[in-house]
Number of protein chains: 2
Amino acid sequence: MFYFCDKTVKSVRHDPNFYNQQFLRHISLDCVVFGFHDNQLKVLLLRMKYSKEWALPGGFVQNDESLELAATRVLKERTGLDQIFLKQFNVFSDPNRSKTNPAVKDLIDSGEETDSDWFNHRFISVGFYALLDFSKVEPKPDFFSDLCAWQSLSEIRTLMLDHNQILNKALDTLRFQLNYQPIGYNLLPDKFTMPEFQKLYETILGKELDRRNFQRKMLSYNILNKLEERKTGGAHKAPFLYEFNLENYEKALQNGLYGGW
Amino acid sequence: MFYFCDKTVKSVRHDPNFYNQQFLRHISLDCVVFGFHDNQLKVLLLRMKYSKEWALPGGFVQNDESLELAATRVLKERTGLDQIFLKQFNVFSDPNRSKTNPAVKDLIDSGEETDSDWFNHRFISVGFYALLDFSKVEPKPDFFSDLCAWQSLSEIRTLMLDHNQILNKALDTLRFQLNYQPIGYNLLPDKFTMPEFQKLYETILGKELDRRNFQRKMLSYNILNKLEERKTGGAHKAPFLYEFNLENYEKALQNGLYGGW
């Protein structure tokens, strides 16, 4: 599920046939990029230049690209990261989902000569989610946006098109996966405390969990190594640090937290 | 995940623009239809009229259809069934996957005037799997095929295009789901014995399971009602019959077999 990016799109958008020549009509992709920082689940968003609407990072599929390569290319452009953990989670295909694309208005407002009828086509969009190390990302806007930034999940309001629905479906997918797969390797630092780990789960689930139950359940999965060190600098009694046992973590990804048949 | 079909495509394929006018270019769907019969996992396949290659049932997306409606329409045409349990599981987008589509040759061989350049486009295909009651299906070939029939999983050889890969990915998805979600409601009769239930798991997993472990694990999930009746007619001691406890089955689908957070 790690994809490696080895190309970028040449930006010659003044050519009126730029999109029609380079990309597959009717197909787009949208990426829900999650990061964890300051005990908050963050999502990477773009602000459109003209409409000022917020949107998920996305793009189109080049004639010779797979969807996975297209998503990796888009995310490299937005984050600077080369190797990205990403996963298809759903295709969004409501016939009305892209009928009023603000990008069309943006293109007209911007005076660009690019083929704006491209955006009048119906698009089905393949949703990917990515789990990234917040500290390593250097957000960069795309051609249509003037800002690329992290927003805390709790602060996200109305997004462009059906992007709230796409975000919610990604969250539902993550939440359901917490029931049978481990999570955290791409979101937490190498060493972390049990309260930090619990906070990650609580942020994704949107609810508080019982401290003892969480610890008992987590330790029973056998995916953690308890370290000798303790976290320093806190006001309270210093909590122990943990790291993932990568071999067991990988096994739990493959067979589920409760083992296979 | 149950979709209801309320339309079919008018078959006017002699119009040379039939496909270009009705469907979204570059997007197709393929359905892996599973049924269970005689202790065998069966897959519904089509035999192409001219090339005689075997293929998964599939189709295209009409201009005003969602993917789910398109898949339901296609499956209604192939199975006669209206209400179908189906699920998107992956999008197949290798740029070379549809480069040598035998449908093109079939169209030429058949002398059809339909727009054969349609099939020369690159297609990304959305994979759906469906779990159907074998006994209720009335297989019906499509425009390109002369036979629609169930084949036992163990007997399936080379399929058209990347359809083996699509089938295998559907199987992997089912296999992984056995680790955290119940299965069987759409595949088994209303009343079934524990050995029949075990056989379903064994067929999907492609390996034998220990009888006692299977029974112990299954009963611990609390998704079965044990009935007073026993199965009659067998040579051995008549085994008890079970039915699904639908309320708990539904809960386990929602939160996983081991419960949520």
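Owing to the predicted nature of the structure, the values given are computational and were not obtained by experimental measurement.

Here is what the cut-offs are and how they apply
Residues numbered from 1 in each chain as written. Chains lettered and ligands numbered in written order. Predicted model: local features only at pLDDT ≥ 70, side-chain atom pairs only at ≥ 80, totals over all residues. Heavy atoms only, no water. Disulfide = S-S within 2.5 Å. Buried < 20%, exposed > 50% of the residue type's maximum accessible area, 1.4 Å probe, protein only. Pairing = 2+ DSSP bridges. Helix = DSSP H or I, 4+ residues; strand = E, 2+ residues; numbered from the N terminus. Salt bridge = Lys/Arg side-chain N within 4 Å of Asp/Glu carboxyl O. Axes fitted to C-alpha atoms, helices over the stretch in contact; angles between N-to-C directions. Parallel < 35°, antiparallel > 145°, perpendicular 65-115°, else oblique. Contact = heavy atoms within 4.5 Å. Nonpolar A, V, L, I, M, F, W, Y, C, P; charged D, E, K, R; others polar. Polar contact = N/O pair within 3.5 Å; in protein donor to acceptor, adjacent residues only side chain to side chain.

**Quick look at the state of the cysteines**
All names here are of chain A. Overall, the coordinates contain zero disulfides over all chains when judged by the stated rule. Not engaged in a disulfide, the cysteine Cys 148 finds its nearest cysteine sulfur in Cys 31; these two sulfurs lie 11 Å apart. On the basis of relative accessible area, Cys 148 is assigned to the buried category, the value being 8%.

**A few points about the sheet that holds strand β10 (residues 224-230) of chain B**
Residues and elements named next belong to chain B. One open sheet accounts for three strands, arranged β9-β11-β10; its pairing is antiparallel. In this open sheet, the two edge strands, each paired with only one partner strand, are β9 (192-193) and β10. In this sheet, strand β11 (residues 240-244) lies alongside β10 in antiparallel orientation, the contact comprising four bridges. Bridge pairing in β11 links Arg 230 to Phe 240.

**Some points on the pattern of salt bridges**
With the rule as written, the count across this model stands at 24 salt bridges over all chains. Here Arg 73 of chain A and Glu 65 of chain A are joined by a salt bridge, their closest N and O atoms 2.5 Å apart. Like Arg 73 of chain A, the residue Glu 65 of chain A is buried in the burial classification. Here Asp 82 of chain B ties to Lys 76 of chain B by a salt bridge, and the two come within 3.1 Å at their closest N and O atoms. Asp 82 of chain B sits in the partly exposed class, given a relative accessible area of 28%. On the accessibility criterion, Lys 76 of chain B (27% relative accessible area) is partly exposed. Three or more residues joined by partner-sharing salt bridges are found here, namely Glu 65, Arg 73, Glu 77 and Arg 78 of chain A.

**Considering the sheet that holds strand β9 (residues 192-193) of chain A**
Residues and elements named next belong to chain A. The antiparallel open sheet is built from three strands, whose spatial order is β9-β11-β10. The sheet is open, and its two edges are formed by β9 and β10 (224-230), each paired on a single side. As judged from the two bridges shared by β9 and strand β11 (residues 240-244), these two strands associate in the antiparallel manner. Within β11, the residue paired with Thr 193 across the bridge is Leu 241.

**Some remarks on unusual backbone geometry**
All names here are of chain B. The phi torsion at Lys 52 lies on the positive side, around 65 degrees, for a residue other than glycine. Relative to the helices and strands, Lys 52 resides in the loop between β3 (40-48) and β4 (54-55). Given a relative accessible area of 42%, Lys 52 falls into the partly exposed group. Notably, Leu 161 is not glycine yet its phi reads approximately 50 degrees, a positive angle. Here Leu 161 shows up in the loop between β8 (145-152) and α4 (163-177). Among the residues examined, Leu 161 registers a relative accessible area of 28% and is labelled partly exposed.

**Notes on the packing of helix α5 (residues 194-205) of chain B against helix α6 (residues 211-220) of chain B**
Any two packed helices are characterised by how steeply their axes cross, that is the angle between the axes, and by the distance between the axes. Residues and elements named next belong to chain B. Axis separation between α5 and α6 bottoms out at 11 Å; the angle between their running directions is 95 degrees. One finds that α5 runs roughly perpendicular with respect to α6. Residue-level contacts link Met 194, Phe 197, Gln 198 and Tyr 201 of α5 to Arg 211, Phe 214, Gln 215, Met 218 and Leu 219 of α6. Residues belonging to the contact of α5 with α6 are distributed by class as follows: six nonpolar, two polar and one charged.

**Some thoughts on the side chain of Ser 125 of chain A**
All names here are of chain A. For Ser 125, the location among the structural elements is in strand β7 (residues 124-131). A polar contact is formed between the side chain of Ser 125 and the side chain of Ser 28, at a distance of 3.1 Å. Once residues within four sequence positions are removed from consideration, Ser 125 is found in contact with Ser 28, Leu 29, Asp 30, Asn 90, Val 91, Phe 92 and Arg 97.

Function cannot be inferred from these measures alone, as they are strictly geometric.
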